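Reading the structure
Listed below, chain by chain, are the residues.
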Amino acid sequence: MATYTTAEPSIGELRWVGRLNSALLPNDDVSQASDVSGATSTVEGSDVFVVDGQTRSKFYSSQRFIDDKVHCLTGSTMKACMVIPGVAYEGSSGGPFFRDINTNPGDSYNTIYWYMNSGHVQTESYRMGLHGPYALVFSRSGTPSANLDTSFWAGMSITGYVATSGRGYVNGKATGIALATYPVVLHWYNSVAQYWVYADSSTGNFASPAMKPGTYTMVLYQDEFKVATATGVVVTAGATTTKNIASTWSMPATTLFQIGDWDGQPTGFRNADKQLRMHPSDSRMSSWGPLTYTVGSSAVSDFPMAAFKDVNTPITIAFTLTAAQASGAATFRIGTTLSFAGGRPTVSINGKAGTTPAAPTTIDSRGVTRGAYRGWGDIYDFPIASGGLVTGSNTITISIASGSSGTTYLSPNVIFDAIHLFR
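Criteria and thresholds
- Residues numbered from 1 in each chain as written.
- Predicted model: local features only at pLDDT ≥ 70, side-chain atom pairs only at ≥ 80, totals over all residues.
- Heavy atoms only, no water.
- Helix = DSSP H or I, 4+ residues; strand = E, 2+ residues; numbered from the N terminus.
- Rg over C-alpha atoms; globule rule 2.2 N^0.38 Å.
- Buried < 20%, exposed > 50% of the residue type's maximum accessible area, 1.4 Å probe, protein only.
- Contact = heavy atoms within 4.5 Å.
- Pairing = 2+ DSSP bridges.
- Polar contact = N/O pair within 3.5 Å; in protein donor to acceptor, adjacent residues only side chain to side chain.
- 1 Å grid on protein atoms, 1.4 Å probe; cavity = no way out; pocket = protein on both sides within 12 Å on 5 of 7 lines; lining within 4 Å.
- Points joined across faces, edges and corners; volume = space filled by probe spheres on them.
- Phe/Tyr/Trp six-rings, centres within 6.5 Å; stacked < 30°, edge-to-face > 60°.

Moving on, we come to the overall build of the chain. On a plain count of helices and strands, the chain comes out with one helix and 29 strands. Expected size for 423 residues packed as a compact globule is a radius of gyration near 22 Å; at 23 Å, the chain falls within 12% of this value. Structurally, the chain occupies a C-alpha span of about 75 × 55 × 40 Å along its principal axes. Out of the 423 residues in the chain, the part that is buried amounts to 53%. Partitioning the contacts of the chain with sequence separation of at least 6, the portion at a separation of at least 24 is 74%.

The buried fraction of strand E14 (residues 194-198) is high, at four of five residues. Examined bridge by bridge, strand E13 (residues 184-189) and E14 share five bridges and lie antiparallel to one another. Looking at the pairing, Leu186 lines up with Val197 of E14. Linking E13 to E14, which pair antiparallel, is a turn of four residues.

Along the polypeptide, Ser402 turns up in the loop between strand E28 (392-401) and strand E29 (413-422). Spatially, the C-alpha atoms of Ser402 and Thr346 are 9.9 Å apart, while their sequence positions differ by 56 residues. Sequence-distant contacts of Ser402, defined by excluding residues within four places in its chain, comprise Lys309, Ala341, Gly342, Gly343, Arg344 and Pro412. Engagement of the side chain of Ser402 in a polar contact is seen with the backbone oxygen of Ala341, the distance being 2.5 Å.

A word on the sheet that holds strand E21 (residues 292-294). Spatial strand order, E21-E23-E28-E25-E26: five strands in an open sheet with mixed pairing. Every interior strand has two partners, whereas the edge strands, E21 and strand E26 (352-353), have only one. Across two bridges, the pairing between strand E25 (residues 344-349) and E26 is antiparallel. Counterpart to Ser348 in the pairing with E26 is Ala353.

What follows deals with the side chain of Gln222. Structurally, the position occupied by Gln222 is in strand E16 (residues 214-222). In this structure the side chain of Gln222 is engaged in a polar contact, spanning 2.8 Å, whose partner is the backbone oxygen of Trp262. Excluding its chain neighbours within four sequence positions, the residues that come into contact with Gln222 are Ile177, Tyr182, Pro183, Val227, Trp262 and Asp263.

Moving on to empty space enclosed by the protein. Evaluation of the coordinates by the stated rule reveals three cavities of 30 Å³ or more. By volume, the largest cavity is sized at about 80 Å³. Together, 14 residues line the largest cavity, and Ser339, Pro360, Thr361, Ile363 and Trp376 are the ones closest to its centre.

With that out of the way, let us pick up the packing of aromatic side chains. Following the criterion strictly, the structure yields 23 aromatic pairs and no others. Ring centres 5.9 Å apart and planes at 40 degrees place the aromatic pair Trp153 and Tyr161 in the tilted group. Its relative accessible area of 21% is what places Tyr161 among the partly exposed residues. Grouping aromatic residues by their ring pairs yields a cluster made of Phe65, Tyr89, Phe98, Trp114, Tyr134 and Trp196.

Put into structure tokens, the structure is as follows:
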């Protein structure tokens, strides 16, 4: 199948929906996190429910586009799976790490989706044209392969379809990223199409998928953290363009402490291991705080993945410095992956308030409560003048500023990528 569009549907999202027999195909791929059958109440809006004391939602079925080639509903004798092969995502929007709804078991029927675009934490304009090919595959012999051969489409005169013979490639080498530590991802995009690929984990070499001819922006990611951008990458039908790319991200000479990793995700922070599959209010979540993180003795999981203005601020960081470490100016850096309701971090360093940053670019969508964590990836630097740090005990608190209102987990908030004090 494929979907051809010249304008966005009035509903504001583009999706293929299959409503299947719930008795035959009762199970999702995410330990029933998207199964709302038997719901007794709602937690938020009309799309986050409580089932047997657990929060459930269709939003908790998402997978990253770069990895989501097959997702299924499963029963005792069969599977029904959406297969998104090859470059089927080229007409979608959001890039390699975008996530959207995959499944939603319910009382009357169980639903399987392929979302091509939506306003769910939207960071990119929608693309028109052909979306796909994609398939709903029924199987009695396990999960079907993602390598679905759709080459026969080349002879079917389908509007918008570009055969492999009419496409080109980009090859090259990515450098400046610790290959043993981080996955390396390449991403190409323009207003017509988007593509991505993992670089070789040993060499950094990469080869793009077959791309439509055009001029692209090329992005290099350290896992999900953007570290380089190149513009004007030209793809020509029947040809291969060579384009190497090097990370422009550099670490400072002296790190006083760092919490988390610069990977574009809240990995390792408290509740980051659960947030994709449940609401922040779920009883399975660890306490959000307010918490105190002590450098040198606390685990990364003692620092919350998100700061909610109405729930767990201020977050306190306690640390001890030697005279040499305390001497001179420094910078306190906060990396975020997503902001909600204009939320941005403010700090107080040993009792002295830092300047409140300007409001981030608005994303008009719920985020963390829907299992999302990725937005614009804003980084905030707070300069510390000489004398601002002291020998012995120091304290930094992080709060949330916003001109918007909201309560509990829908209060202004940010999700953290990493916290870094350096000079």
